[in-house]
Amino acid sequence: MYVIVEINGQQFKAEEGKKLFVHHIQNVENGATVEFEKVLLVDNNGTVTVGAPTVEGAKVVCEVVSPLVKGDKVLVFHKKRRKGYRKLNGHRQQFTELTIKQVIA
């Protein structure tokens, strides 16, 4: 059984026991329990239920493994040829690592 859940404006496929890296969630601590109720789709062994816009009574219970994880560095390089213009910027996205404990549907 899996569900499609919306977390911080992004959609994720969630199954019990899986790990998710979602955009940083403010004010959570290590080991805290977080519930997400915006379940958009439920697949229960081939029986698919699509919400309009969400599925009633469905939710995903997660545990915070690490509240702040930094992603890989992304380098953004701008250059205009023959003009001597070069600019290099770096960026590391912040994530929160979650483990899915229970899917209620």
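Scroll up a little and you will see the structure.
Bear in mind that the values here come from a model prediction, so they are computed numbers and not experimental data.

Scoring rules and cut-offs
Residues numbered from 1 in each chain as written. Predicted model: local features only at pLDDT ≥ 70, side-chain atom pairs only at ≥ 80, totals over all residues. Heavy atoms only, no water. Pairing = 2+ DSSP bridges. Helix = DSSP H or I, 4+ residues; strand = E, 2+ residues; numbered from the N terminus. Axes fitted to C-alpha atoms, helices over the stretch in contact; angles between N-to-C directions. Core = buried A, V, L, I, M, F, W, Y, C linked by side-chain atoms within 4.5 Å. Buried < 20%, exposed > 50% of the residue type's maximum accessible area, 1.4 Å probe, protein only. Contact = heavy atoms within 4.5 Å. Salt bridge = Lys/Arg side-chain N within 4 Å of Asp/Glu carboxyl O.

Enquirer: Any chance you could explain the pairing of strand E7 (residues 59–80) here in plain terms?
Expert: Consecutive side chains of a regular strand alternate in pointing toward one face of the sheet and then the other. As defined by bridge partners, strand E4 (residues 33–36) adjoins E7 across four bridges and the pair is classed as antiparallel. Counterpart to Phe-36 in the pairing with E7 is Val-60. Here 17 bridges tie E7 to strand E8 (residues 85–104), and the two strands are oriented antiparallel to one another. Within E8, the residue paired with Glu-63 across the bridge is Thr-99. Counting the residues that bridge the hairpin from E7 to E8 gives four residues, and of these Arg-82 lies at a positive phi of roughly 65 degrees.

Enquirer: It is not clear to me how the sheet that holds strand E3 (residues 19–23) should be interpreted in this structure. Could you clarify?
Expert: The strands making up a sheet associate through backbone hydrogen bonding, with each pair oriented either parallel or antiparallel. Taken together, four strands build an open sheet; the order of strands is E3-E8-E7-E4 and the sheet is antiparallel. Edge positions in the sheet fall to E3 and E4, since each has one partner strand and no second. Averaged over all pairs of adjacent strands, the angle between strand axes in this sheet comes to 45 degrees, irrespective of strand direction.

Enquirer: Hey, could you run me through the nonpolar core in this one?
Expert: When a protein is soluble and globular, its nonpolar side chains tend to lie buried together. Core analysis: the largest hydrophobic core is formed by 21 residues, its most contacted members being Val-5, Phe-36 and Val-39. The set of elements that each furnish at least two residues to this core consists of strand E1 (2–7), strand E2 (10–14), E3, E4, strand E5 (39–44), E7 and E8. Excluding anything up to four places from it in sequence, Val-39 contacts Val-3, Ile-4, Val-5, Thr-54, Val-55, Ala-58, Lys-59 and Val-60.

Enquirer: It is not clear to me how the pattern of salt bridges should be interpreted in this structure. Could you clarify?
Expert: When their charged atoms lie close together, side chains carrying opposite charge are able to pair. Taken as a whole and assessed by the stated rule, the structure comprises four salt bridges. Measuring nitrogen to oxygen at the nearest pair gives 3.3 Å for the salt bridge that ties Glu-63 to Lys-101. Within this pair, whereas Glu-63 is found in strand E7, its partner Lys-101 is found in strand E8, the two being separated by 38 residues in sequence. The class for Glu-63 is partly exposed, based on a relative accessible area of 28%.

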